[in-house]
Amino acid sequence: MIFLETNNRRENRFNRIYIVAIIFIIIILVLIQLLFPHILSSIFITIAKPFWRIEFAVSSGSMKSQRQLLLENETLKIRLQEKDIKSYLIQSIEQENQSLKQFFAKNRVYSNSESTSTDAMEIVPILMNPPFAPYDELIIDGGKDLGFTAEMVVYAYKGIPIGKIKEVLRNTSKVVLYSSPGIIHDVIIGREGIRATATGNGGGQYSLELPRSIVVKEGDLVTVPSYDGDTIGIVSKVINDEAQPFETIIFAPPVNIFDLRWVLIDKKDQE
Amino acid sequence: MADLVLFTFIINGWWFFALPILVIGSWFFRNYFELIIFGIIYDALFCMNNGKSIWDYVGTVSSVSIYFIIYILKKFSRFSM
């Protein structure tokens, strides 16, 4: 439908009142946010939380049939047994690795991360990890009720830190990922222990630049000395331009953070 | 109904689905405040740093800007409803 625009004074007056009202409401909301920072966040998260929980339950398979669940349970038991066998092998390799490290006295470079024992950690479900949200964050189902505080380190798995708690509400917390754009880390790359400064690119990706003379390969581990030598990533790409004196190294955590359903919170470990 | 769908999009962080619908809505309806309300809800759910940085108001600032851009465009256009 096409209408000709009318120049009605009364209509213009109403429009002006609407605009002033909108600006007034926005100013009030901004003031509320500045003076009582958690109020709006708490209200809307309380409203959204039941929906997130339902979504989490559905995606975790609670709507599956009994037969499917039994089948899945059996498959998982078999897989668990396979993993148990592998873990024995890994334990023996870890022991061997430990004794070699002691032998070569390189404990400072290759820490064994004893502070990140799974026993001391809280396992918490992730309520939200919006993949395209401008804020590189996770919202987890645990807050002050579980004793979380800001700056607690969040792990994807044992020894793989992915972020830290930024904001703690009553029963939810917001986690800022280490890969958030602009966050800088002092890292050690590869077996030779090359020190460099990496920057978060967002979406679980990090990048850093090194002189081309230093050889870094895809698959090299990237550790952070300040996080007890835990691995924060694996080199996924080395961009080597012949015309440039530096090569760009792209690395990402060994797990896809956007596929994660659970995280571990180390209550003892705070930055 | 449309608001419920939009609310679902916003609480899931799917702003890229919600935004086109909100833009179309604000063009066809006269005072479509849902655009601004959903911007505020988005920031309240996902913003960090307790609102101390301008980046905590991306949703609010964007929605208010879009609202006024469409408002001005509608004023100068003969084809608005």
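Our subject in this report is the structure included herewith. In this text the structure is predicted, and so the values were computed from the model without any measurement. Starting afresh in each chain, residues are numbered from 1 along the sequence in its written order. Whichever chain is written first becomes A and whichever ligand is written first becomes 1, with later ones labelled in order. With the structure being a predicted model, the display of local features is reserved for residues of pLDDT at least 70 and the display and counting of side-chain atom pairs for 80 or more, all residues being used for whole-chain, interface and lining totals. The side-chain values count all of the structure's non-hydrogen atoms but skip hydrogen atoms and water molecules.

This part takes up helix H4 (residues 58–76) of chain B. All names here are of chain B. Its 19 residues give H4 an end-to-end C-alpha distance of 27 Å, which sits within 8% of 27 Å, the value for a rise of 1.5 Å per residue. Any residue under 20% of the maximum accessible area for its type is buried, any over 50% is exposed, and the rest in between are partly exposed; the area is computed with a 1.4 Å probe on protein chains only. Secondary structure elements follow DSSP: runs of H or I no shorter than four residues count as helices, runs of E no shorter than two count as strands, and numbering proceeds from the N terminus. Considered for burial, the residues of H4 that qualify are Gly59, Thr60, Ser63, Val64, Tyr67, Phe68, Ile70, Tyr71 and Lys74. What you see down the axis of H4 is that its buried residues fit within an arc of 160 degrees, all on one side. One less than the number of residues in a helix, times 1.5 Å, gives the span that helix is expected to have. Picture the helix axis, draw a direction to every C-beta atom, and the arc is the one those directions span.

This part covers the packing of aromatic side chains. Geometry of an aromatic ring pair is reported as the spacing of the ring centres plus the angle between the planes. Residue and element names in this part refer to chain B. Each Phe, Tyr or Trp ring, with Trp reduced to its six-membered ring, pairs with another whose centre is within 6.5 Å; inter-plane angles below 30 degrees give stacked pairs, above 60 give edge-to-face pairs, and intermediate values give tilted ones. All chains considered together, the criterion is met by 13 aromatic pairs over all chains. Here the aromatic rings of Phe9 and Trp14 are separated by 6.2 Å at their centres, their planes lie at 50 degrees, and the arrangement is tilted. Given a relative accessible area of 17%, Phe9 falls into the buried group.

A separate point is the nonpolar core. Generally speaking, nonpolar side chains in soluble globular proteins are found buried as a group. To define a nonpolar core, start from buried Ala, Val, Leu, Ile, Met, Phe, Trp, Tyr and Cys residues and group those joined through side-chain atoms within 4.5 Å. Counting 33 residues, the largest nonpolar core has Trp52 of chain A together with Leu22, Ile36, Phe38, Leu45 and Phe46 of chain B as its most contacted members. Secondary-structure elements contributing two or more residues to this core are helix H1 (9–35), helix H2 (39–59) and strand S1 (121–128) of chain A together with helix H1 (2–11), helix H2 (15–28), helix H3 (34–46) and H4 of chain B. It is H3 of chain B that provides the largest number of residues to this core, a total of nine residues. If you look at the next biggest cluster of nonpolar residues, it comprises 21 residues, including Leu208, Leu210, Val216 and Val224 of chain A.

Attention shifts here to the sheet that holds strand S8 (residues 205–211) of chain A. All names here are of chain A. The six strands lie next to each other as S6-S7-S8-S11-S10-S9, forming a closed barrel whose pairing is antiparallel. Each neighbouring strand pair of the sheet contributes to a mean axis angle of 40 degrees, computed without reference to strand direction. Strand pairing is assigned whenever DSSP detects at least two bridges linking the two strands. In terms of strand pairing, S8 meets strand S11 (residues 246–252) through six bridges, oriented antiparallel. Of the residues in S11, the one forming a bridge with Tyr206 is Phe251. In this analysis an axis means a line fitted to C-alpha atoms, helices contributing only their contacting stretch, and an angle means the value between N-to-C directions, from 0 to 180 degrees.

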